[in-house]
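Spelled out from the first residue to the last, the chains are:
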Amino acid sequence: MRLAVIGLGHVGLPTAGVLAHLGHEVSAVDVDEEKIELLQRGIFPFFEPELEDLVRQGVEAGRLTFSQWIEDAVSGVGVAFLCVGTPPNGAGQANLSIIEAAAAQLAESVDGPLVVVEKSTVPAGTAERIAQTLQRHRPDGVFAVVSNPEFLREGSAVKDSIRPSRILVGSDDPEALATMRELYAPLVEAGVPWIETDLRTAELAKHASNAFLALKVSYANALARICEAAGADVSAVAQIMGADSRIGRGHLSAGIGFGGYCLPKDVQAFEHLSRQLGYDFPLLREIARINDEAMDAGFRKIQEALWNLTGKRVAVLGLAFKPNTDDTRFSPALELSRRLIEAGADVVGYDPEAGTNAKAEVSQLEVVGDVYSALEGAHCAVLATDWDEFRTLDLVRVRELMRFPILVDGRNLFDSQEVRAAGITYIPTGRPPVRP
Ligand code: NAD
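A brief look at the structure comes next. Note that the structure is a prediction, hence the values are computed from the model and not measured. (Residues numbered from 1 in each chain as written. Predicted model: local features only at pLDDT ≥ 70, side-chain atom pairs only at ≥ 80, totals over all residues. Heavy atoms only, no water.)

### Here we look at the pairing of strand β12 (residues 380-383)
Threshold: For the exposure calls, accessible area comes from a 1.4 Å probe over protein chains only, and a residue counts as buried if that area is under 20% of its type's maximum, exposed if over 50%, partly exposed in between. Counting from the N terminus, the helices are DSSP H or I runs at least four residues long and the strands are E runs at least two residues long. One bridge is not enough; two strands pair if DSSP finds at least two bridges between them.
On β12, burial covers both faces: C380 and V382 on one face and A381 and L383 on the other are all buried. As judged from the four bridges shared by strand β9 (residues 313-317) and β12, these two strands associate in the parallel manner. Across the sheet, the residue bridging to V316 is V382, located in β12. Pairing geometry for β12 and strand β13 (residues 406-409), over three bridges, is parallel. Looking at β13, one finds that V382 is bridged to V408.

### Considerations on the environment of A190
With respect to the secondary-structure elements, A190 resides in the loop between α9 (185-189) and β8 (194-197). Judged by its relative accessible area of 40%, A190 falls in the partly exposed class. Sequence separation of A190 and I162 is 28 residues, and the distance between their C-alpha atoms is 9.9 Å.

### A short note on the pattern of salt bridges
It is possible for side chains bearing opposite charge to pair when their charged atoms get close. What counts, and what does not: Any Lys or Arg side-chain nitrogen found within 4 Å of a carboxyl oxygen on Asp or Glu counts as a salt bridge.
Counted according to the given criterion, the structure contains 27 salt bridges. Here R329 makes a salt bridge to E154, at a shortest N to O gap of 3.7 Å. With R329 in the loop between β9 and α14 (332-342) and E154 in the loop between β6 (143-147) and α7 (157-162), the pair connects residues that are 175 residues apart, well separated along the chain. Put simply, D327 and R329 hold a salt bridge, and the shortest N to O gap is 3.0 Å. The class of D327 is buried, set by a relative accessible area of 4%. A network of salt bridges, in which partner residues are shared, links R225, E228, E293, R300 and K301.

### Digging into the packing of helix α10 (residues 199-230) against helix α12 (residues 263-276)
The criterion, for reference: To get an axis, fit a line to the C-alpha atoms, keeping to the stretch in contact for a helix; angles then go from 0 to 180 degrees between the N-to-C directions. For this classification, under 35 degrees means roughly parallel, over 145 means roughly antiparallel, 65 to 115 means roughly perpendicular, and everything else is oblique. Left-handed describes a crossing whose near helix is turned anticlockwise from the far helix through less than a right angle; right-handed describes the clockwise counterpart. Pairs of residues are marked as contacts when any of their non-hydrogen atoms sit within 4.5 Å. The classification used treats Ala, Val, Leu, Ile, Met, Phe, Trp, Tyr, Cys and Pro as nonpolar, Asp, Glu, Lys and Arg as charged, and all other residues, Gly among them, as polar.
At a minimum axis distance of 9 Å, the contact between α10 and α12 shows a crossing angle of 120°. The angle between the axes of α10 and α12 places the two elements in the oblique class. Taken as a pair, α10 and α12 cross one another with a handedness that is left-handed. Of the residues in α12, those touching α10 at L204, H207, A208, N210, A211, L213 and A214 are L263, D266, V267, A269, F270 and L273. Grouping the constituent residues of the contact of α10 with α12 by class yields 10 nonpolar, two polar and one charged.

### Thoughts on the site of the ligand
Going by this rule: Throughout this document, a residue counts as near a molecule or strand when at least one of its heavy atoms sits within 4 Å of that molecule or strand. Pairs of N or O atoms are called polar contacts if they sit within 3.5 Å, as long as, within protein, a hydrogen donor faces a hydrogen acceptor (for residues adjacent in sequence, only side-chain-to-side-chain pairs). Surface exposure here means Shrake-Rupley accessible area, sampled with a 1.4 Å probe, where a residue is shielded only by the protein chains that are shown.
What surrounds the ligand is a group of 28 residues, the closest being D30, K35, T86, E154 and K265. Within the backbone of V11, an N or O atom sits 2.8 Å from an oxygen atom of the ligand. A distance of 2.5 Å is found between an oxygen atom of the ligand and a side-chain nitrogen or oxygen belonging to K265. When the ligand sits alone it has 830 Å² of accessible area, and the protein chains cover 89% of it. Looking at the shell around the ligand element by element, the count peaks at three residues for helix α5 (residues 97-109).

### Considering helix α1 (residues 12-21)
Of all 10 residues in α1, nine are buried, a share of seventy percent or more. Residues of α1 that are buried: G12, L13, P14, T15, A16, G17, V18, L19 and A20. Note on α1: the residue one or two positions beyond its end, G23, has a positive phi of about 105°.

### Some details on the nonpolar core
Convention followed: In this text, buried Ala, Val, Leu, Ile, Met, Phe, Trp, Tyr and Cys residues form a nonpolar core when linked through side-chain atoms within 4.5 Å.
L13, F66 and F81 are the most contacted members of the largest nonpolar core, which totals 37 residues. Aside from chain neighbours lying at most four places away, what touches F81 is L3, A4, V5, I6, T15, L19, V117, K119, N148, M180, L183 and Y184.

### Points about the state of the cysteines
Note the following rule: In this description, a disulfide is simply a cysteine sulfur pair whose atoms lie within 2.5 Å.
Tallied over the entire structure, the rule returns zero disulfides. C262 provides the cysteine sulfur closest to C83, a residue in no disulfide bond, and the two sulfurs are 12 Å apart.

### Comments concerning the environment of G90
You can see G90 is positioned in the loop between β4 (79-82) and α5. With 132 residues separating them in the primary sequence, G90 and A222 have C-alpha atoms 27 Å apart.

Any functional reading would require information beyond the geometric quantities listed.
Next comes the structure, spelled out in structure tokens:
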């Protein structure tokens with residue numbers, strides 16, 4: 001099938017790569033001229049494991065091309081995937097002007113009937129608005145709109161796209177649904193669950209899923225405060241809870257809060273939508289409040305350990321919002337860094353992939369190229385992102401390098417007794433602190 005993918009970010013690029021991998025002919029478009037230039041030269045615009053190989057294979061097979069011009073990309077194409085951003089506006093609503101602009105451009109550029117697939121995360125009801133936009137910009141056009149929300153996770157985007165937990169497709173148009181079935185047939189034949197529903201159910205299911213994941217994280221973070229007060233261990237509590245299949249193990253790790261481009265904005269957007277629909281959903285506001293409080297608690301631990309922050313050197317280990325990505329959008333590690341800097345600390349950060357993005361966001365942050373340089377002379381270290389690289393730190397060397405050997409663990413990555421044995425004061429999250 002000939003397809004177009006509009007918007008080549010963390011969702012669009014894996015989508016384009018996987019669709020080419022499934023044998024389709026994919027024209028991939030982005031308005032970002034620099035990004036397209038890089039991709040055309042075989043240079044990757046961001047770090048995502050396995051994605052570079054997948055994209056290269058598609059390009060070498062002649063099934064994946066890149067363009068800055070939507071009119072070139074959609075000529076002769078039967079299906080177009082909208083993968084543009086839906087960032088939060090100031091009031092917490094999803095800003096849908098980018099998706100509206102992309103739909104308008106699409107309508108004005110297309111030269112035949114088109115199935116428009118909404119992959120971006122949007123509030124229920126957006127597909128009808130997209131259909132209206134398409135028709136307004138191309139009154140003689142033949143369009144069908146499909147919602148196909150994306151569930152991939154940054155850091156495992158390729159695995160998640162080749163073997164998704166489910167493919168969710170919503171539409172009120174039987175022919176468009178048949179097209180989607182054909183397009184995804186190789187994945188469904190390989191055993192991926194296929195769910196077909198109406199437009200609004202598909203759109204709403206995505207927000208409902210992300211809000212529920214955020215709820216689990218906030219539940220674990222609230223438990224961490226209770227465990228700290230009770231002298232219990234939140235990691236053990238979460239493990240015991242997770243052994244119950246009705247609860248599940250995922251998203252129960254306590255820490256300094258969730259961040260990234262999806263959960264914070266999607267919880268807010270869903271809360272906004274529910275209010276708009278006449279249902280007050282305070283639980284969603286509580287998720288965000290507990291998340292802020294998890295960050296406050298992490299900050300307080302550092303402050304408590306160091307007394308005055310002015311002039312103290314704090315090493316932040318991990319700057320991306322999660323491991324295996326260089327994405328720092330709404331990263332808790334950067335939020336914590338900003339707060340420490342505001343309080344007078346000198347903050348030095350290290351991340352295996354996200355250093356450049358972090359520096360671009362927080363100019364006062366000193367970014368270094370390896371973890372031990374970050375620790376050298378530090379009065380305190382904070383583990384903010386649980387990259388695997390940190391699991392194998394030489395803890396004795398860490399103690400020797402640091403001015404005060406204090407490790408605040410915002411992700412509960414370490415074994416308390418091992419850190420203590422190395423002579424380091426260890427302050428985890430929701431677990432008792434230990435001193436050498
Ligand atoms: P992103 O910001 O990384 O990428 C969006 C891309 O769209 C950018 O490269 C931008 O230049 C491009 N773009 C904007 N307007 C365009 C236009 N008119 N034509 C062509 N390109 C245009 O965003 P993302 O992280 O890929 O997220 C995209 C959507 O997917 C969002 O709605 C997000 O909520 C959702 N989502 C994201 C993830 C994730 O992990 N990042 C997971 C699931 C769903």
